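Summary of structural features
Letter by letter, the chains look like this.
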Amino acid sequence: MKIKEVTIRHLKMKLKNPFSTSFGTFVNKEFLLLEVTDEQGTIGFGESVAFDTPWYTEETLKTNWHMLEDFLIPMILNKEIQHPDEILELFKGIRKNNMAKSAIEGAFWDIFTQQTNQSLAHALGGKKEKIEVGISLGIQGSIEKQIDVVDKAIKSGYKRIKLKIKPGWDIELMRVLREHFPDTPMMADANSAYTLEDIDIFKQLDEFNLMMIEQPLASDDIIDHAVLQKQIKTPICLDESIQSLEDVRKAIELGSCGVINIKIGRVGGISEAKRIHDYCEEKGIPVWCGGMLESGIGRAHNIALTSLSNFVMPGDTAGSSHYWEQDIIKPEVIVEDGYILVPQEIGIGFKPNLEAIEKYTVTSKTYK
Ligand code: OSB
Ligand code: MG
């Protein structure tokens, strides 16, 4: 494969409902969508999951545009590449900026699977025909509203409910929810809102039979998480702290977590995500696929990845209609009884909806 042209688009999609976390509220999803064309005219799409603010990790849509325009795109244009696994190696000289790298790599997987006549799930070695999905619910501000959205999500069939927590919106919240929903698989995600000084809060959360607590401590920490994990029963799941297979190896060796949330963008692409999956499988550490409020393109990549065997816990890949009035793929992602069917069609299994993409585009630029 030789890449001849890359178009970067800045898209802005309004969320059906604002999404609130411990670090802030998203009203719109603004992100970069890449359209990559190779010498044979095959087109692949890649999504950068970086937000327009550096609240989750340090990358933003604008830092991604800079990295893509000034470094990453010039490194791949007109270069002969046999397999998408080569890309992370090619980008090795550029430190971090994983979401920018991943956007290109995702488009490569799209082109590669089209040219080799296979589905993305098949190319990755995924065997599952359907994947089990959960849902991540933002902070609603009142317990009554929170009960209401949890109730709706359970009735829609989602297999586990993730609640965002923050100091002051934690113990009482979980106590009430457990009373209302005694048997529902539930978990909490703190997005780094706590420190080791809050250890009593986590000891109290231990009582609510949560599947796990996601990223309670600092976004770059694995040391304090190991200290915390030794003192609580509930497994810790790392999200923000994991940016590579090396991070996973160290976290497991230290005992910093019992579960890993894999996000393709955060670890620099699908190839690295698969390596992490394989490593965790070998070590007996369950994984699940996280979400970044993706459009249909990133969502399709998540579905294919989740078809791998060690994705044994429901992920955050909810249906398109949970987020958007209209998604940018055809068909949209549909959840039925808490499952998504893994597409068997060639490529990512969904077609880009070019009209919708055009409608949501704020600016774009082509590089060749
Ligand atoms: O921590 O998993 C997270 C959304 C934005 C930023 C970080 C996170 C999330 C989610 C939503 O939890 C997952 C989704 O529905 O895509
Ligand atoms: Mg998280």
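Notes on the structure follow. (Residues numbered from 1 in each chain as written. Chains lettered and ligands numbered in written order. Predicted model: local features only at pLDDT ≥ 70, side-chain atom pairs only at ≥ 80, totals over all residues. Heavy atoms only, no water.)

**Considering the nonpolar core**
With 120 residues, the main nonpolar core has Leu68, Ile104, Leu163, Leu205, Ile260 and Ile328 as its most contacted residues. No other element matches the 9 residues that helix α3 (residues 98-115) contributes to this core. Residue contributions to this core reach at least three from each of two domains, namely domain 1 (3-117 + 352-367) and domain 2 (122-351). Setting aside anything within four residues of it in sequence, one finds Ile260 in contact with Cys237, Leu238, Ile242, Val248, Cys280, Ile285, Pro286, Val287 and Trp288. (Core = buried A, V, L, I, M, F, W, Y, C linked by side-chain atoms within 4.5 Å. Buried < 20%, exposed > 50% of the residue type's maximum accessible area, 1.4 Å probe, protein only. Helix = DSSP H or I, 4+ residues; strand = E, 2+ residues; numbered from the N terminus. Domains from an automatic or database assignment. Contact = heavy atoms within 4.5 Å.)

**Quick notes on the pattern of salt bridges**
Using the criterion set out here, one finds 19 salt bridges in the structure. Between Glu358 and Arg9 there is a salt bridge; the shortest N-O distance is 3.5 Å. With Glu358 in helix α14 (residues 354-360) and Arg9 in strand β1 (residues 3-21), this pair connects stretches of sequence that are 349 residues apart. Residues participating in the shared-partner salt-bridge network are Arg160, Lys162, Lys164, Asp189, Glu214 and Asp316. (Salt bridge = Lys/Arg side-chain N within 4 Å of Asp/Glu carboxyl O.)

**Quick look at the coordination of the magnesium ion (ligand 2)**
Bound to the magnesium ion (ligand 2) are the protein donor atoms Asp189 (OD), Glu214 (OE) and Asp239 (OD), situated 2.1 to 2.3 Å from the metal. Sequence spacing of the donor residues for the magnesium ion (ligand 2), all on one chain, is D-x24-E-x24-D. Taken as a pair, Asp189 in strand β7 (residues 186-189) and Asp239 in the loop between β9 (236-238) and α9 (245-254) lie far apart in primary sequence, 50 residues in all. (Donors = N, O, S within 2.8 Å, 3.2 Å for Na, K, Ca; no water.)

Limitation: the analysis is restricted to geometry and does not speak to function.
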